[in-house]
Amino acid sequence: MTDLTMTDLTLSGHDLRVPRAVVRHGETPLVDVADLQVAPGRPLTIVGESGSGKSVLAHALMGTLPPELVPEGTMSIGPARFDLADRRGRRHLWGHHVALLPQEPALALDPTMRVRHQVAEGAPGWRPRSTAALRLAEERLRDLGLANAGSAYPHTLSGGMAQRVAYAAATIGGARILIVDEPSKGLDPGSLDRLADLLTRHSAEGGLLVTITHDLRLARRLGGDVLVMREASVVEAGPVEQVLSASADPYTRRLVGAEPSRWRFPWMTVGAARPAEGEPVVAAEAIAKSYGETPLFDDLSVEIRRGERWAVTGPSGVGKTTLGNALLRLTALDRGAVRHSEVARGGRLQKLYQDPALSFPRRVPLAAAMRDVVRRHGAEEGRVRSLLSEVGLPLDVLDRRPSQVSGGELQRIAIVRAMLTRPVLIFADEATSRLDLASQETTMDILMTEVADSGCALLLVTHDVDLAAATTDHRLHLGPADGAALDQAGASVPV
């Protein structure tokens, strides 16, 4: 389609609508957006609450919705017009003109293929074992600061590295239209800055950029225009600096005002005032862990008591999740020992996973998974309904399978499941990284209220320093250069 090479290429969406697969009386569609416009060099960022339809809109434009969802409306790319219901009508555009940077790059990459081969498959004129495509892939990786990653497998990459590999694979074919779905998940500030630079460069060079995100800092960084979505529709739209600094809609003001640095909750003072209780729930003595020749932490000792709130911080790939898993005895150590107290037995150490989909059976309705927890641990069934209500979810959400709810909804369900056992320690591994700011505020308020009321200890892995400051009183920072440091009440002590 030669028209798509024009320099004044634009993307427009008209009467975009995605009905639910099974529609009950009075239900709203998954997406109902009358108009969407994207121009070269003018990024469009879509923000809004979890489950508002942002990702569904992205996949409707791309033509990658699941078969049970049939989109309505049309999309124009330059002079060419496409019926969104015609799935095959846009496939010839994939990779060459339109590309999608997926929400979960680590899951989108083939775990059995080395990085350079996966990137090379998107190169123009690719053939198996094409030396030209492999050379181009190596050049792209080198340009992205991944010169030594070509021979690696995806599972060995940090979140930021996997995101850049996915970016290389999505753009190596020369696509000018790039749709980016929640790119900031699990990225430390440095990795996010590098990704923002890549996206900004794509737009500055005349590309069209549509970014789905709940990170308002990224939206401000990209500039251009922003759409704010809630309950499938756009509630406010306009230039980023106008919408996010002088919001006209109450929900947008709520979203902007929900940054952790602005939180004021009773539990924020309860944790600091309450003394730690009794013997340590978890105690680590001189522990060490390496992967291959890469040391993550060495000679690290820490004790966590009931009522204490700890944050583990540091850039991607330094071992934050590995440390949390080691403290829960979910991973083996090279040296040292981890002890658990008697009160920690019987499922009272709980983990909230960074990717909640990994902690639920894929083919089992969520209600069945929740009943298993209630039955095994003797939890109160009534707490399921009350906790779901508190995190803003209806009881019938449990009738679905994990793949049928949004990532943010599934994370809130995981928090409800963890709290059913009345734990003595919760290891929250980027537990709100999939939530918009308003949903994160609500969810963390519920979680932290439960933590404060029960005297439960908290171990929080996060890249968000504002979230760490709002929720915890003790810090443990991991870094490749300076090792680990314990920070309690502002005092930093090398370990």
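Residues numbered from 1 in each chain as written. Predicted model: local features only at pLDDT ≥ 70, side-chain atom pairs only at ≥ 80, totals over all residues. Heavy atoms only, no water.

Taking an unreviewed UniProt entry as the reference, the protein is identified by name as ABC transporter ATP-binding protein belonging to Nocardioides vastitatis. Turning to the protein, the UniProt record has this under Subcellular location (unreviewed entry): "Cell membrane". UniProt's Sequence similarities (unreviewed entry) comment on the protein is quoted here verbatim: "Belongs to the ABC transporter superfamily." (UniProt positions renumbered as here; feature names shortened; annotations may be inferred.)

### Describing the packing of aromatic side chains
A full pass over the atoms with the stated rule returns three aromatic pairs. Residues Trp 263 and Phe 265 carry aromatic rings whose centres are separated by 6.0 Å and whose planes lie at 65° to one another, so their mutual orientation is edge-to-face. An angle of 80° between the planes, with centres 6.3 Å apart, marks the rings of Trp 263 and Trp 267 as edge-to-face. Each member of the pair, Trp 263 as well as Trp 267, carries the same accessibility label: buried. Among the aromatic residues, those joined into a ring-pair cluster are Trp 263, Phe 265 and Trp 267. (Phe/Tyr/Trp six-rings, centres within 6.5 Å; stacked < 30°, edge-to-face > 60°. Buried < 20%, exposed > 50% of the residue type's maximum accessible area, 1.4 Å probe, protein only.)

### Overview of the sheet that holds strand β10 (residues 233-239)
Note: strands within a sheet are paired through backbone hydrogen bonds, in either parallel or antiparallel orientation. Overall, mixed pairing links the six strands, which are arranged β6-β7-β8-β3-β9-β10 in an open sheet. Of all the strands in the sheet, the pair left with one neighbour each is β6 (98-101) and β10. On average, each strand axis in the sheet is inclined to that of its neighbour by 15°, with strand direction left out of account. As defined by bridge partners, β6 adjoins strand β7 (residues 177-181) across four bridges and the pair is classed as parallel. Bridged to Leu 100 within β7 is Ile 179. (Pairing = 2+ DSSP bridges. Helix = DSSP H or I, 4+ residues; strand = E, 2+ residues; numbered from the N terminus. Axes fitted to C-alpha atoms, helices over the stretch in contact; angles between N-to-C directions.)

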